[in-house]
Amino acid sequence: MATTEQVPERRRRPIRRRELPHWPPKGQHPVGYALAGVVLGAYAWILGGFAPFSVKSLIGVLIPGAVVAIIAYGWPPQRIPPPEKLDIAGVSYWTIVVAALFEWEASSWKDGSPSWHPSLTDLINPLLEPHAIKSVAVFLWLLTGWGLVRR
Amino acid sequence: MTMRIITIVGFVLAIGAMFVLEYLGRRPDSKVPTVGQWFGYLMRPRIGRLLVLLGWWWLGWHYFAR
C-alpha cells in the first residue's frame with residue numbers, strides 16, 4: 001500500500017532542452033539583424049500582396065507556421081526565462097480585459113456580425129486592404145512569432 | 001450614438017486597456033505582468049507553448065489568408 005511519501009510529487013515536466021550553443025549568437029553584428037529584417041520585410045511584402053482565400057496566401061501563412069514549429073521544437077533558441085510566479089491581482093487585470101474583448105467579439109459573432117454590431121475581424125479587414133498596411137501587419141505578425149519562440 | 005459606434009468604442013477601449021496594462025507592467029516594481037511575462041508564464045508547460053503558438057498561427061491565417 002502506497003504511503004503519501006511514496007507517491008511521486010507531480011512536477012511540471014520541463015521542455016526538453018538540448019545542449020546547443022547560444023542561438024541566436026550573442027553580440028550578433030547589426031548587419032545580421034538588418035539582413036534578417038530585410039528578409040522578413042520582403043516576405044511580408046510578398047505575403048501582403050496575395051489575395052485572400054487563395055492557395056498562395058494559405059501557403060504563405062503555412063510556411064512561417066512550419067518554420068516556427070521546427071524552431072520551437074527542433075532547434076530552440078535561447079529562451080527568455082519566464083517568471084516563477086505572477087501576481088494574481090496583476091494577472092486578473094489582464095484576464096478581465098481579455099475576457100471583455102472576447103465577450104464583445106463573441107456577441108458579435110453570435111449575431112452573424114451585423115453592421116450595427118460588427119466583429120473585430122470585419123472592422124480590421126478593410127484596414128488591411130492597402131498592400132503596405134497589410135505587409136506591415138504581416139511583418140509584425142512574423143516578429144511576434146519570433147518573440148513567442150523565445151519565450 | 002449608433003450601436004455601431006458603441007461597438008467600435010468597446011473594441012477600442014478593450015484594446016486600449018491592453019496598452020495601458022502593458023505600460024503599467026513596464027514600470028519598475030509593477031505587480032502587473034507585461035504581456036511577454038504573461039505569455040512566458042503560460043508557455044512554461046509544453047501544452048501552453050503549443051496552444052500559444054497555435055493561437056499566433058491562427059491569427060495569421062485568419063487575417064492574412066482569409
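Residues numbered from 1 in each chain as written. Chains lettered and ligands numbered in written order. Predicted model: local features only at pLDDT ≥ 70, side-chain atom pairs only at ≥ 80, totals over all residues.

The subject of this paragraph is the overall build of chain A. Per the secondary structure count, chain A includes five helices and zero strands. For chain A, the succession of helices and strands along the chain, N to C, is α-α-α-α-α. Counting the 151 residues in chain A, one finds 13% classified as buried. Here the analysis covers contacts within chain A between residues at least 6 apart in sequence; of these, 62% occur between residues at least 24 apart. (Helix = DSSP H or I, 4+ residues; strand = E, 2+ residues; numbered from the N terminus. Buried ≥ 20, exposed ≤ 12 C-beta atoms within 10 Å, placed from the backbone. Contact = placed C-beta atoms within 7 Å.)

Contact residues are listed per partner, giving 37 residues for chain B and 44 residues for chain A. Of all the elements in the fold, those that place two or more residues in the side of chain B that touches chain A are helix 1 (3-25), helix 2 (35-42) and helix 3 (46-64) of chain B. A total of 12 residues in the side of chain B that touches chain A trace back to one element, the largest contributor, which is helix 3 of chain B. Tallied by class, the residues present in the side of chain B that touches chain A amount to 23 nonpolar, eight polar and six charged. (Nonpolar A, V, L, I, M, F, W, Y, C, P; charged D, E, K, R; others polar.)

Looking at chain A as a whole, the pLDDT averages 84, with 81% of positions reaching at least 70. Per-element averaging of pLDDT across chain A places helix 1 (residues 30-48) of chain A at the bottom with 91 and helix 5 (residues 131-149) of chain A at the top with 95. (pLDDT = per-residue confidence, 0-100.)

Attention now goes to the packing of helix 3 (residues 88-110) of chain A against helix 1 of chain B. Remark: helix 3 of chain A packs on helix 1 of chain B, axes separated minimally by 10 Å, with the N-to-C direction vectors making an angle of 160°. What the angle tells us is that helix 3 of chain A and helix 1 of chain B run roughly antiparallel. Considering the relative orientation of helix 3 of chain A and helix 1 of chain B, their crossing is left-handed. Residues Tyr93(A), Trp94(A), Val97(A), Ala100(A), Leu101(A), Trp104(A) and Ser108(A) of helix 3 of chain A form the contact with helix 1 of chain B, whose participating residues are Thr7(B), Gly10(B), Phe11(B), Ala14(B), Ala17(B), Met18(B) and Leu21(B). Looking at the contact of helix 3 of chain A with helix 1 of chain B residue by residue, the classes come out as 11 nonpolar, three polar and no charged. (Axes fitted to C-alpha atoms, helices over the stretch in contact; angles between N-to-C directions. Parallel < 35°, antiparallel > 145°, perpendicular 65-115°, else oblique. Left-handed = near helix turned anticlockwise from the far one by under 90°.)

Here the focus is the nonpolar core. Ala72(A), Trp94(A), Leu148(A), Val149(A), Leu21(B), Val32(B), Trp38(B), Phe39(B), Met43(B), Leu53(B), Trp56(B) and Trp57(B) together form the largest nonpolar core, which totals 12 residues. Contributions of two or more residues to this core are made by helix 5 of chain A together with helix 2 and helix 3 of chain B. Considering each element in turn, this core owes the most residues, three residues, to helix 3 of chain B. Apart from residues no more than four positions distant in its own chain, Met43(B) is found in contact with Pro82(A), Arg151(A), Gly48(B), Arg49(B) and Val52(B). Among the nonpolar cores identified, the runner-up in size contains six residues, and Ala44(A), Leu47(A), Leu142(A) and Phe64(B) belong to it. (Core = buried A, V, L, I, M, F, W, Y, C linked by C-beta atoms within 7 Å.)

Over its 20 residues, helix 2 (residues 55-74) of chain A runs 27 Å from end to end, which matches the ideal 28 Å to within 8%, given 1.5 Å per residue. Burial in helix 2 of chain A covers these residues: Gly60(A), Val61(A), Pro64(A) and Ala72(A). For helix 2 of chain A, the buried positions fall inside an angular range of 100° around the axis, keeping them on one side. Opposite its buried face, helix 2 of chain A presents the exposed residues Val55(A), Ile59(A), Ile63(A), Ala66(A), Ile70(A) and Gly74(A), each directed more than 90 degrees away. Considering only its buried residues, helix 2 of chain A is in contact with helix 1 and helix 5 of chain A together with helix 3 of chain B. (Expected span 1.5 Å × (residues − 1). Arc of directions from axis to C-beta.)

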